[in-house]
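# A structural walkthrough
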Amino acid sequence: MSALDVAAAVRSGSRSARDVVEEHLDAIAAREPEIHAFNLVLADEARAAADAVDAAVAAGRDPGPLAGVPVALKDNLCTRGIPTTCSSRILDGWRPPYDATVVERVVAAGGIPIGKTNLDEFAMGSSTENSAFGPTRNPLDTSRVPGGSSGGSAAAVAAGFAPVGLGSDTGGSIRQPAALCGVVGVKPTYGRVSRYGLIAFASSLDQIGPFACTVADAALLLETIWGHDPADSTSIPTAAGSVLPDLETGVEGLRIGVVEELTDAQGVDAEVVAAVERAAGALEQAGAKVERVSVPSAVYGLSAYYLIAPAEASSNLARYDGVRYGLRVDAADVTTMMARTRDAGFGAEVKRRIMLGTYALSAGYYDAYYGQAQKVRTLIIRDFARAYERFDALIGPTAPTTAFPLGAKTDNPLLMYLNDVCTIPSNLAGHPAMSVPFGEGADGLPIGVQVLTDALAEPLMFRVARAIEIAAER
Ligand code: GLN
């Protein structure tokens, strides 16, 4: 049952939220041991929340557009009184004193948090293998990764543990796991969704967004969470608007560009490019005007990202000092205590990012690395602006390959980083982008096609994604 159907049934009283929750807890009991999508399943809390929703319906009140819909929450979203780990040992035992704005909005809309999902530690990775609590496996083939860093939320939705989920996307962490698990994943425009209560990785890039089995369900969840929030200083102070009313408008007359730098990027499999070409053909069939387009500076996206993101991370992660949160490894003096705590609390990839970022920001190297990367970021923004003078939307691959085996890229960080070569440019530009399942590889695993638009053009992006979804269903 889709989230839209669940909410409609619960709101009309034809199905109880409790029944919906029990069904999903059963699904979790059956397959979670082999998949490990969750760091924590909120069984009792979900039952209690469902009973409250049912009581509201019985009393004639409308619980809201997400009535009774279980939602999987990435474990870097703060939940009041409930452990929030970022899949790191450094937050061991910490319970946030507040809910993230997105969590508040999900609950206010009648949605039911069903669990906290696994991720690469502090959202750094592309396979969910960098979790301190062990990897998540892809529900479609448990010898493969689900992608990352929001691999737990992607796997939870793909496995039917929840109809929808939330992740965060700094360089591709919603879209890439969505592609690898065969679900829809959306990174909204930077500033559209409040980051209040999202544990920061790289603050100028991080955005929260939905996972769902359908484009319409992703729209439903996005409409629930977005809109201005005074608690996030980067939140855009415009009316949120809506996506669902335009969803079935079609793509007749739209100008759509296939981005050469994404289809030709390093490591993108021929079968993925072929799927993008077929999606382009389907959009043309549906009345769009499709052409190839160049966004030249996109080729420098990955390099710029791996200076900017670690630089911001090295600053954001300085707060984990053994004093304020979670883990503390005691020592005779405070400097040694901090060093021991950070050594014991952070995993290898997080340490690598902190070192890279500290180096990129250091006096003498700042201009050559961080400063240069910021200039590249400006070039990418300008190149996209030029493309959007001629095109309404762009398409390209989401991930270079289908889901790869566990362990295949763990000892080669650069190979792992290349997973995000097609998704990173949108984060650097601050633009929205989403992944829609379209076809499969020779291994029978799903391929994702990415739809990109200009800032704040989510309604248009969803229309194109819906047209691709319709073509994929044929
Ligand atoms: N895989 C990328 C990284 O490791 C992106 C992660 C993300 O979007 N959170 O940084």
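Provided above is the structure to which this section pertains.
Quick caveat, the model's predicted, so the values are computed rather than measured.

## Things to note about the site of the ligand
Around the ligand sit 15 residues, and of these Gly-171, Ser-173, Tyr-305, Arg-353 and Asp-420 come closest. Here Gly-171 contributes a backbone N or O atom positioned 2.6 Å from an oxygen atom of the ligand. For the ligand, a nitrogen atom lies 2.5 Å from a polar atom in the side chain of Asp-420. Coverage of the ligand by the protein chains reaches 100% of its 290 Å² of free accessible surface.

## What to know about helix α4 (residues 101-108)
When α4 is considered as a whole, its buried residues turn out to be Thr-101, Val-102, Val-103 and Val-106. Buried residues along α4 sit against β2 (70-74), β4 (164-169), β6 (207-212) and α7 (215-225). Of the residues trailing α4, Gly-110 is marked for its positive phi of about 90 degrees.

## Quick word on the pairing of β6
Most of β6 sits inside the fold, with 6 of its 6 residues counted as buried. Where β4 and β6 come together, 6 bridges link them in antiparallel fashion. Bridged to Gly-167 within β6 is Gly-209. Bridge analysis of strand β5 (residues 184-187) against β6 gives 2 bridges, and the strand direction is antiparallel.

## Here's the deal with the side chain of Lys-187
Within the secondary structure, Lys-187 is located in strand β5. Buried and unpaired, Lys-187 has Asp-169 as its nearest opposite-charge partner, separated by 6.1 Å. Here His-431 takes part through its backbone oxygen, which lies 2.9 Å from a polar atom of the side chain of Lys-187.

The rules behind each value
Residues numbered from 1 in each chain as written. Predicted model: local features only at pLDDT ≥ 70, side-chain atom pairs only at ≥ 80, totals over all residues. Heavy atoms only, no water. Near = heavy atom within 4 Å. Polar contact = N/O pair within 3.5 Å; in protein donor to acceptor, adjacent residues only side chain to side chain. Areas by Shrake-Rupley, 256 points an atom, 1.4 Å probe, with all protein chains shown as cover. Buried < 20%, exposed > 50% of the residue type's maximum accessible area, 1.4 Å probe, protein only. Helix = DSSP H or I, 4+ residues; strand = E, 2+ residues; numbered from the N terminus. Contact = heavy atoms within 4.5 Å. Pairing = 2+ DSSP bridges. Lys, Arg positive; Asp, Glu negative; His and termini not counted. Salt bridge = Lys/Arg side-chain N within 4 Å of Asp/Glu carboxyl O.

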